[in-house]
Each structure stands twice: as structure tokens, then as C-alpha cells.
Amino acid sequence: AQTIHQWPVAEIKAVGSPLSLGCTIKGKSSPNLYWYWQATGGTLQQLFYSITVGQVESVVQLNLSASRPKDDQFILSTEKLLLSHSGFYLCAWSPDWGGNYAEQFFGPGTRLTVL
Amino acid sequence: GDSVTQTEGLVTVTEGLPVKLNCTYQTTYLTIAFFWYVQYLNEAPQVLLKSSTDNKRTEHQGFHATLHKSSSSFHLQKSSAQLSDSALYYCALSTGSKLSFGKGAKLTVSP
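Residues numbered from 1 in each chain as written. Chains lettered and ligands numbered in written order. Predicted model: local features only at pLDDT ≥ 70, side-chain atom pairs only at ≥ 80, totals over all residues. Heavy atoms only, no water.

> Describe in detail the overall build of chain B, supporting the description with residues and values.
Within chain B one finds zero helices and twelve strands. The linear arrangement of helices and strands in chain B, starting from the amino end, is β-β-β-β-β-β-β-β-β-β-β-β. Against the 2.2 N^0.38 benchmark of 13 Å for 111 residues, chain B shows a C-alpha radius of gyration of 13 Å, consistent with a compact globule. If one aligns the C-alpha atoms of chain B with their principal axes, the spans along those axes are about 45 × 30 × 20 Å. Counting every position in chain B, which comprises 111 residues, the buried fraction comes to 48%. Sequence separation of at least 24 residues holds for 55% of the intrachain contacts in chain B that already meet a minimum separation of 6. In chain B, 9 positive and 7 negative side-chain charges are present, and the distance between their average locations comes to 5 Å. (Helix = DSSP H or I, 4+ residues; strand = E, 2+ residues; numbered from the N terminus. Rg over C-alpha atoms; globule rule 2.2 N^0.38 Å. Buried < 20%, exposed > 50% of the residue type's maximum accessible area, 1.4 Å probe, protein only. Contact = heavy atoms within 4.5 Å. Lys, Arg positive; Asp, Glu negative; His and termini not counted. Charge placed at Lys NZ, Arg CZ, Asp CG, Glu CD.)

Take a look at the structure:
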């Protein structure tokens with residue numbers, strides 16, 4: 001069975017400080033990977049997606065960047081946090097065989113508070 | 001760009017009564033897939049229903065929805081709401097690698 005792990009579970013950071021959030025998928029090779037952001041009380045906004053190692057596509061610009069250093073790992077980062085970055089960050093995966101219309105499975109998320 | 005409009009905000013229904021959450025969309029893509037996601041308190045979203053076939057009813061856990069491309073809709077319905085159905089519900093449109101979510105509806109089922 002596939003498992004998706006995100007770290008950290010929660011983070012409190014100062015404005016202007018750097019950030020790195022991680023996501024690891026186990027039990028599935030070559031998954032499609034996605035990053036989402038959910039503001040408190042808001043909808044889910046897709047930020048990035050990746051279909052292979054080293055390749056990342058941006059969907060929305062929020063002064064964030066993403067990288068896929070390994071097949072099973074997806075990293076979200078920024079050098080300078082803004083207050084508007086606060087929220088819930090979710091990593092998701094979908095099977096590569098499903099094409100672009102496959103169901104996406106979400107991780108447990110990381111809650112970020114920027115002060 | 002793609003957009004999804006759904007019943008949003010707070011929706012309250014009495015246990016045992018029917019519930020319907022509306023969802024419509026706009027897209028220029030001909031090949032699409034549609035999802036209803038449910039998010040329980042402090043949990044990640046999970047798929048409740050999905051469809052990519054026009055005019056075909058799909059069902060799961062007592063909920064059902066039919067994708068109607070003619071009216072660009074994928075409404076979610078259940079004939080008898082249960083207390084355990086209380087959660088956040090999102091409809092989402094897939095047009096490829098992009099998944100666009102509606103703003104979400106918080107369903108509360110009261111005794």
C-alpha cells in the first residue's frame with residue numbers, strides 16, 4: 001500500500017525567514033506529485049506539479065518554489081516568508097498510469113503559521 | 001481559465017432528509033474529469049465520487065452525482081443525510097495536470 005508522509009506536521013515561522021516543507025511517497029514508483037495550499041477557511045489551490053524527477057511545473061506564483069530531487073520526494077520552499085504564506089500545505093500524488101485525470105491522494109498536510 | 005462554482009459556505013440539513021450540493025464549471029477543454037472531495041475535521045481531503053463520462057450516474061457511500069456536460073454540472077446528492085456526513089465538500093475539475101477546486105461547502109447534519 002502507498003503511504004504519503006509530510007514534514008513537519010506544523011511550523012511557526014517569522015516573516016522573512018526561509019522555509020522548507022517536505023513530502024515523501026512510499027510504495028509507488030514514478031508517481032505524479034502535487035503541492036496545494038489551503039488558507040484558513042479557504043479552498044484548495046494547486047501550486048506545483050511534477051511528473052518526473054527534476055521536473056516541476058508552476059501553476060500559481062506565490063513566491064514559492066518546488067523541487068523533486070528524488071522519485072519519491074517533493075520539496076516546497078522559499079527564502080523569505082510572507083504573512084500571506086500562512087495556511088495548510090498539502091502534498092498529493094496520483095498514479096502515472098492514470099494519465100492526467102486520475103484521482104489524487106492527499107497527505108496529512110503541514111500547518112504553517114507566519115508571524 | 002478554468003473555473004468551478006459550487007454551493008459554498010454553511011449548509012445545514014436535518015438527519016434523514018435529502019441533501020444536494022450544486023457544482024457547475026467553465027472550461028474550454030473537451031476532455032475532463034470531475035471529482036467530489038470530502039474533508040473531515042483535521043483530515044486530508046479524500047475522493048468521494050469521480051466521473052469523466054457524460055450522463056452516467058456514479059455512486060459511493062450513499063451519495064450520487066451525474067456529470068452533465070450539456071449544463072456543465074456535477075451536483076452531489078444524497079437521499080437521506082447521516083450525522084457522519086458532516087464535513088467539508090469540494091467539487092474539483094481536472095483538465096489535465098491541473099485540478100481546480102470550488103470554494104467548498106461545510107455540511108452540518110443535525111439530529
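We are not done yet, so read on.
> If you had to explain the nonpolar core to someone new, which residues and values would you point to?
One finds B:Phe34, B:Trp36, B:Leu48, B:Leu76 and B:Tyr89 to be the most contacted residues of the largest nonpolar core, which totals 26 residues. For this core, the element with the highest residue contribution is strand S10 (residues 87-94) of chain B, accounting for four residues. By size, the runner-up hydrophobic cluster in this structure holds 20 residues, among which are A:Trp35, A:Trp37, A:Ala66 and A:Val114. (Core = buried A, V, L, I, M, F, W, Y, C linked by side-chain atoms within 4.5 Å.)

> Talk me through the sheet that holds strand S8 (residues 73-78) of chain A; I want residue IDs and the actual numbers.
By way of backbone hydrogen bonds, the strands of a sheet pair with one another, either parallel or antiparallel. All names here are of chain A. Spatially, the four strands line up as an open sheet ordered S1-S3-S8-S7, and their pairing is antiparallel. Two strands close off the open sheet at either side, each with one partner strand: strand S1 (3-7) and strand S7 (65-70). Between one strand and the next, the sheet's axes are offset by a mean angle of 20 degrees, whatever the strand orientation. Examined bridge by bridge, strand S3 (residues 19-26) and S8 share six bridges and lie antiparallel to one another. Bridge pairing in S8 links Cys23 to Phe74. (Pairing = 2+ DSSP bridges. Axes fitted to C-alpha atoms, helices over the stretch in contact; angles between N-to-C directions.)

> I'd like to hear about the side chain of B:Gln39, residue by residue, with values.
By the secondary structure assignment, B:Gln39 is in strand S5 (residues 33-39). Of the polar contacts made by the side chain of B:Gln39, one reaches the side chain of A:Gln38; its length is 3.2 Å. With near-sequence residues (within four places) excluded, B:Gln39 lies in contact with A:Gln38, A:Phe88, B:Ala44, B:Pro45, B:Ala87, B:Leu88 and B:Tyr90. (Polar contact = N/O pair within 3.5 Å; in protein donor to acceptor, adjacent residues only side chain to side chain.)

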